[in-house]
Amino acid sequence: GAVVSQHPSWVICKSGTSVKIECRSLDFQATTMFWYRQFPKQSLMLMATSNEGSKATYEQGVEKDKFLINHASLTLSTLTVTSAHPEDSSFYICSARIDGQTLTEAFFGQGTRLTVV
Amino acid sequence: KQEVTQIPAALSVPEGENLVLNCSFTDSAIYNLQWFRQDPGKGLTSLLLIQSSQREQTSGRLNASLDKSSGRSTLYIAASQPGDSATYLCAVPSSGYSTLTFGKGTMLLVSP
């Protein structure tokens with residue numbers, strides 16, 4: 001199957017700093033990528049849809065100014081958690097489908113464990 | 001709004017047992033359903049994708065069935081092994097079809 005690479009796999013940062021997470025589709029193009037967040041023992045919740053060359057679409061309750069998304073190319077989307085606080089500590093996972101195959105399998109990155117201290 | 005429920009939330013079995021994990025969804029107008037495996041602190045690995053036109057899909061010791069009309073899917077794991085220990089998630093497309101709605105998962109522990 002197609003590969004989605006996410007980096008870093010874990011990060012610890014101080015409260016008030018910003019953290020950038022990268023999501024890359026390694027062997028396919030993905031005009032659209034998705035960012036999810038997962039709290040312990042909870043399900044994955046969609047945060048936003050990242051669109052190449054245009055603004056991201058955020059789910060209700062997700063602060064767009066706090067979670068900045070940039071999708072600068074067909075294979076890379078980044079999520080920046082700005083002015084991170086301990087409550088932002090979570091597991092962040094990105095996902096993508098192969099362009100033109102929106103009804104098929106979704107591929108996920110390895111996830112990023114963010115801990116804000 | 002689509003909602004996905006997985007039962008049981010946790011399952012602990014000795015090695016060698018055959019298992020059934022259950023998934024139900026409220027909106028049966030789906031075009032596929034996907035089962036994933038998640039190891040602790042890791043991302044998701046896709047196990048099986050069942051299209052709405054299919055009733056089941058098999059991969060090795062895994063067999064997933066889909067009953068759209070009743071809004072249910074089951075994941076059958078044959079001859080379980082300690083390496084099968086993980087959380088198993090099912091997901092169906094959300095409205096708009098691009099994103100997925102996930103269940104909370106079934107945490108499986110297979111002991112030697």
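Scope of this entry: the structure provided in the associated data block. (Residues numbered from 1 in each chain as written. Chains lettered and ligands numbered in written order. Predicted model: local features only at pLDDT ≥ 70, side-chain atom pairs only at ≥ 80, totals over all residues. Heavy atoms only, no water.)

### Remarks on the sheet that holds strand β7 (residues 67-73) of chain A
Residues and elements named next belong to chain A. Taken in spatial order, the four strands line up as β1-β3-β8-β7 in an open sheet, and their pairing is antiparallel. Where the open sheet ends on each side, the last strands, each with one partner, are β1 (4-7) and β7. With strand direction ignored, the average angle separating the axes of adjacent strands in the sheet is 15°. When β7 meets strand β8 (residues 76-81), the two strands line up antiparallel, connected through five bridges. What sits directly across from phenylalanine 67, in β8, is valine 81. (Pairing = 2+ DSSP bridges. Helix = DSSP H or I, 4+ residues; strand = E, 2+ residues; numbered from the N terminus. Axes fitted to C-alpha atoms, helices over the stretch in contact; angles between N-to-C directions.)

### Regarding the pattern of salt bridges
One pass over the structure, following the stated rule, counts four salt bridges over all chains. Of the charged contacts, one joins lysine 66 of chain A and aspartate 88 of chain A as a salt bridge, the two residues approaching to 2.9 Å between their closest N and O atoms. Taken together, the residues span a long stretch of sequence, with lysine 66 of chain A in the loop between β6 (57-58) and β7 and aspartate 88 of chain A in the loop between β8 and β9 (90-96) at a distance of 22 residues. For lysine 66 of chain A, a relative accessible area of 11% puts it in the buried group. For the salt bridge of aspartate 39 of chain B with arginine 37 of chain B, the shortest nitrogen-to-oxygen distance reads 3.0 Å. (Salt bridge = Lys/Arg side-chain N within 4 Å of Asp/Glu carboxyl O. Buried < 20%, exposed > 50% of the residue type's maximum accessible area, 1.4 Å probe, protein only.)

### Comments concerning the nonpolar core
Across soluble globular proteins, nonpolar side chains show a tendency to be buried alongside one another. Grouped together as the largest cluster of nonpolar side chains are 27 residues, with contacts concentrated most on Phe67 and Leu114 of chain A. At the level of secondary structure, the elements contributing two or more residues to this core comprise β2 (10-13), β3 (19-25), β4 (32-38), β5 (44-51), β7, β8, β9 and β11 (112-116) of chain A. Here leucine 114 of chain A is in contact with Val11, Cys13, Val19, Val81, Asp88, Ser89, Ser90 and Tyr92 of chain A, once residues within four sequence places are set aside. In this structure, Leu21, Ile30, Trp35 and Ile77 of chain B belong to the second largest nonpolar core, which totals 22 residues. (Core = buried A, V, L, I, M, F, W, Y, C linked by side-chain atoms within 4.5 Å. Contact = heavy atoms within 4.5 Å.)

### Let's talk about the layout of surface pockets
Residues and elements named next belong to chain B. Computed from the structure, the second largest pocket encloses a volume of approximately 440 Å³. At the level of elements, β9 (86-93) and β11 (106-111) are the ones that each hand at least two residues to the lining of the second largest pocket. With three residues, β11 is the largest single contributor of residues to the lining of the second largest pocket. Taken together, the residues that form the lining of the second largest pocket break down as nine nonpolar, seven polar and five charged. (1 Å grid on protein atoms, 1.4 Å probe; cavity = no way out; pocket = protein on both sides within 12 Å on 5 of 7 lines; lining within 4 Å. Points joined across faces, edges and corners; volume = space filled by probe spheres on them. Nonpolar A, V, L, I, M, F, W, Y, C, P; charged D, E, K, R; others polar.)

### Side note on the interface of chain B and chain A
Listed by partner, the interface residues are 20 residues for chain B and 21 residues for chain A. Summed over both partners, the interface of chain B with chain A buries about 1,600 Å², with 56% contributed by carbon and sulfur atoms. Where chain B packs against chain A, one counts zero salt bridges. Secondary-structure elements contributing two or more residues to the side of chain B that touches chain A are β4 (32-38), β5 (44-51) and β10 (100-102) of chain B. (Buried area = accessible area lost by both parts, 1.4 Å probe.)

### Quick word on the state of the cysteines
In this structure the tally under the stated criterion is two disulfides over all chains. One disulfide in the model links cysteine 23 of chain A with cysteine 94 of chain A; its S-S distance is 2.0 Å. Across the S-S bond of cysteine 23 of chain A and cysteine 94 of chain A the torsion is about 85°, and the bridge reads as right-handed. Here cysteine 23 of chain A, found in strand β3, pairs with cysteine 94 of chain A, found in strand β9; they are 71 residues apart in sequence, far enough to count as distant. With respect to class, cysteine 23 of chain A is no different from cysteine 94 of chain A; both count as buried. The disulfide partner of cysteine 23 of chain B is cysteine 90 of chain B, and the S-S distance across this bridge is 1.9 Å. Here the disulfide of cysteine 23 of chain B and cysteine 90 of chain B is right-handed, its torsion about the S-S bond being about 70°. (Disulfide = S-S within 2.5 Å.)

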